[in-house]
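Examining the three-dimensional arrangement
Take a look at the letters that make up each chain.
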Amino acid sequence: MLNKLLRPNVRGLTPYDSGPSAGIKLDANENPFPWPEKALAEIAEATAAAPGFNRYPDGAATELRAELGERLDLRREQVLVGNGADELIAVVLQTFGGPAQALLVQPPTFSMYGVLAAVTDTPLIEVPLQAEGQELDPDGIRRACRENLVSVIIVCNPNNPTGALFPRPLLADLLTSCGALVVVDEAYGEFAGPETSMMPYIGKYQNLLVMKTFSKAYGMAGLRLGYICGTAEAIALLNRVRQTYNVNVFTQRAGRAALRHSAAFAEQIAALRAETEKLYLGLRALPGLKVWPTRANFVLFQPRNAVAWGEALRQRGIAVRVFARLPVLGPCLRVSAGRPEETALFLRAAAELSAQGEPFQQTNAD
Ligand code: PMP
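Residues numbered from 1 in each chain as written. Predicted model: local features only at pLDDT ≥ 70, side-chain atom pairs only at ≥ 80, totals over all residues. Heavy atoms only, no water.

Things to note about the pattern of salt bridges
Our working definition: Should a side-chain nitrogen of Lys or Arg be within 4 Å of a carboxyl oxygen of Asp or Glu, the pair is scored as a salt bridge. Note on conventions: DSSP H or I runs of at least 4 residues are helices, E runs of at least 2 residues are strands, and numbering of each starts at the N terminus. Accessible area is worked out with a 1.4 Å probe on protein chains only. A residue is then buried under 20% of its type maximum, exposed over 50%, and partly exposed in between.
Going through the model one piece at a time under the given rule, you end up with 17 salt bridges. In this structure, the salt-bridge partner of Glu-132 is Lys-290, at a minimum N-O distance of 2.9 Å. With Glu-132 in the loop between strand 4 (124–126) and helix 7 (138–147) and Lys-290 in strand 9 (residues 290–291), this pair connects stretches of sequence that are 158 residues apart. Since its relative accessible area comes to 44%, Glu-132 is described here as partly exposed. One network of salt bridges, with partners in common, ties together Lys-25, Asp-27 and Glu-30.

What to know about the site of the ligand
As a reminder, the rule being used: One heavy atom within 4 Å of a molecule or strand is enough for the residue carrying it to be called near that molecule or strand. Distance and chemistry together define a polar contact, namely a pair of N or O atoms within 3.5 Å, with one atom able to donate a hydrogen and the other to accept it when in protein, and with adjacent residues in sequence counting only for side-chain atoms on both sides. Where accessible areas are quoted, they stem from the Shrake-Rupley method and a 1.4 Å probe; at the residue level, only the protein chains shown are allowed to cover.
Taken together, 14 residues sit near the ligand, with Ala-85, Asp-185, Thr-213, Ser-215 and Arg-224 positioned nearest. At 2.6 Å, a side-chain N or O of Asp-185 approaches a nitrogen atom of the ligand. Here Arg-224 contributes a side-chain N or O atom positioned 2.7 Å from an oxygen atom of the ligand. Contact with the protein chains covers 91% of the free accessible surface of the ligand, which is 400 Å².

Focus on the pairing of strand 11 (residues 318–326)
Filter applied, for reference: Pairs of strands are assigned from DSSP output, requiring at least two bridges between the strands.
Across 3 bridges, strand 1 (residues 24–26) lies against strand 11 in parallel orientation. Paired with Lys-25 across the bridge in strand 11 is Ala-319. The sheet contact formed by strand 11 and strand 12 (residues 330–336) spans 4 bridges and is antiparallel. Counted as the bridge partner of Arg-321 is Arg-334 from strand 12. As consecutive antiparallel partners, strand 11 and strand 12 are separated by 3 residues, and within that stretch Val-328 has a phi angle of approximately 70°, a positive value.

Here's the deal with the confidence of the model for the protein chain
Operational definition: pLDDT is a per-residue confidence score from the predictor, ranging from 0 to 100. Two residues form a contact once any of their heavy atoms are found within 4.5 Å.
In this model, the protein chain carries a mean pLDDT of 95, and residues with pLDDT of at least 70 account for 96%. Per-residue pLDDT stays below 50 along residues 361–366; that stretch engages in 13 contacts with residues further than four places along the chain or on separate chains.

What to know about the domain arrangement of the protein chain
We apply this condition: Domain ranges listed in this record stem from an automatic or a database domain assignment. Buried area: the sum, over both parts, of the accessible surface (1.4 Å probe) that disappears when the two are put together.
By domain assignment, the protein chain separates into domain 1 (2–33 + 263–356) and domain 2 (50–261). Each of domain 1 and domain 2 was reduced to a C-alpha centroid, and the two centroids are 23 Å apart. With 29 residues of domain 1 in contact, the opposing surface of domain 2 contributes 35 residues. At the boundary of domain 1 with domain 2, total buried surface from both sides reaches about 2,600 Å², with 61% on carbon and sulfur atoms.

Comments concerning the nonpolar core
Operational definition: By nonpolar core is meant a set of buried Ala, Val, Leu, Ile, Met, Phe, Trp, Tyr and Cys residues that side-chain atoms within 4.5 Å join together.
Among the nonpolar cores identified, the biggest contains 82 residues, and Ile-153, Leu-283 and Phe-346 are the most heavily contacted of them. No other element matches helix 12 (residues 262–284), which puts 6 residues into this core. Of the residues that make up this core, three or more belong to each of domain 1 (2–33 + 263–356) and domain 2 (50–261). The contacts of Leu-283, once residues within four sequence positions are left out, are Leu-289, Val-291, Val-299, Phe-301, Val-335, Phe-346, Leu-347 and Ala-350. Formed by 26 residues, the second largest nonpolar core is a distinct cluster that contains Ala-85, Val-91, Val-105 and Val-183.

Here's the deal with the packing of helix 13 (residues 306–315) against helix 14 (residues 340–356)
This is how the line gets drawn: Axis lines are fitted through C-alpha atoms, for helices just across the contact stretch, and the angle between N-to-C directions can take any value from 0 to 180 degrees. In what follows, roughly perpendicular refers to angles from 65 to 115 degrees, roughly parallel to angles under 35, roughly antiparallel to angles over 145, and oblique to any angle outside these ranges. Working rule for handedness: look at the near helix, and if it is turned counterclockwise from the far one by less than a right angle, call the crossing left-handed; if clockwise, right-handed. Nonpolar residues are Ala, Val, Leu, Ile, Met, Phe, Trp, Tyr, Cys and Pro. Charged residues are Asp, Glu, Lys and Arg, and all others, Gly as well, are polar.
It is the contact of helix 13 with helix 14, at a shortest axis distance of 11 Å, that shows an interaxial angle of 130°. Considering the angle they form, helix 13 stands oblique to helix 14. Crossing of helix 13 against helix 14: the hand is right-handed. In this structure, helix 13 uses Trp-309, Ala-312 and Leu-313 to contact helix 14, whose residues at the interface are Phe-346, Ala-349, Ala-350, Leu-353 and Ser-354. Of the residues contributing to the contact of helix 13 with helix 14, the split by class is 7 nonpolar, 1 polar and no charged.

This is the structure:
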């Protein structure tokens, strides 16, 4: 009965399942380090003195947006915050998508783009990455934009889950040649370095939006805070659609503390880059694995039977992200940089599995 009443675009949807986890959590690209003690003490003190939980938050997140703007060399009017970047992707599609105009993405990429396109009833156009997931196909993207009404292109840079970084001039080309809004999702940008960011181009292109999150480098996945930057005009349009009180009192306070302590997070980012390098080199040294280069805090790799590897790692208490079948690349695993002892444990387990070889041969079911 309810099925008949459902909106057609919701009929085919299945709930997003982030998969089973394990003790050592290397499956969600989070920051594994504890929050800097001083930042934690600051928000604990402020919260004890004046929690403010009984009042609605500042719906405009005035101070947080001003402080973000100051750091980014943007005006507050050019920044919008959200309940995680996920919410902001939905807001972009609610504002610029819908049944009559498409979203263009480049698989394999972040799966929520497709989910939120379906939820917002926005047609999805996929132009696969080239060179085994390492390069964009700018001609293919331009062609798709000529042949369809594409209103939004999302480019994930560095890309999740391949780790590939796309050069800025190529993104600039898309901005001038596609006639669409280009959202550059820099959820992992802090790991690739500021010289890779499209943030400095914001004044230059009317149709550029740059999205970021506190979930990765800033260790706030549990508090849900993302932001998106663009021209004041574009941000005002998104602001029409977002929920009035989308970022809660505590998260606004924590976000401001994280910004005040960005030096401590810079140390964690440097440490995670070193762990990522260890993962990449360690996996590369094992026989029978294909390993993708990365500019993010994770490494994508492909053993002969990814699903069996994922399960064997889980039995050893290590959670990695299992992709039973990625578009273009097939079955793969993605492992996030952990604390040094976690990276070491993972690499030891991977060496064992790789040495066992035979039970992990590819099967047809895979
Ligand atoms: N973009 C990408 C590429 C991501 O990988 C993620 C999280 N996995 C997000 C956006 C969403 O981040 P948030 O936690 O801020 O919703």
